[in-house]
Amino acid sequence: IGINTAFSSRKRRDSVRDTWMPQGGKLIQLEREKGIIIRFMIGHSATSNSILDKAIDSEDAQHKDFLRL
């Protein structure tokens, strides 16, 4: 399941995580047992290594739920 997102949509992503998206071990368990993969889909900013990219990288390191296009 791919969820389109934008750099400025942190509150929306947190809301999705808090309401219906499994986190941590439950997310991994869903992937292994059911084959269902859930990821926020986002590209890269126009400027490489910008503060926007670093913020997404940091969020991804914490939640491990991004697919960078």
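Here, every reference points to the structure presented above.
Calculation rules
- Residues numbered from 1 in each chain as written.
- Predicted model: local features only at pLDDT ≥ 70, side-chain atom pairs only at ≥ 80, totals over all residues.
- Heavy atoms only, no water.
- Helix = DSSP H or I, 4+ residues; strand = E, 2+ residues; numbered from the N terminus.
- Polar contact = N/O pair within 3.5 Å; in protein donor to acceptor, adjacent residues only side chain to side chain.
- Contact = heavy atoms within 4.5 Å.
- Expected span 1.5 Å × (residues − 1).
- Buried < 20%, exposed > 50% of the residue type's maximum accessible area, 1.4 Å probe, protein only.
- Arc of directions from axis to C-beta.

Caption draft 1: Structural view of the side chain of R39. Assignment of secondary structure puts R39 in strand β2 (residues 39–42). A distance of 2.8 Å separates the side chain of R39 from the side chain of E31, its partner in a polar contact. Excluding residues within four positions of it along the chain, R39 makes contact with I1, G2, I3, L27, E31, K64, D65, F66 and L67.

Caption draft 2: Looking closely at helix α3 (residues 51–63). With 13 residues, α3 extends 18 Å from end C-alpha to end C-alpha; this agrees with the ideal 18 Å at 1.5 Å per step. For α3, the set of buried residues is D53, I56, E59 and H63. Here the buried residues of α3 occupy an arc of 125° about the axis, which is enough to place them on one side. Residues I51, K54, A61 and Q62 are exposed on α3 and point more than 90 degrees away from its buried face. If you follow the buried residues of α3, they end up packed against α1 (10–19), β2 and β3 (66–68). Count one or two residues on from α3 and you reach K64, which has phi positive near 55°.

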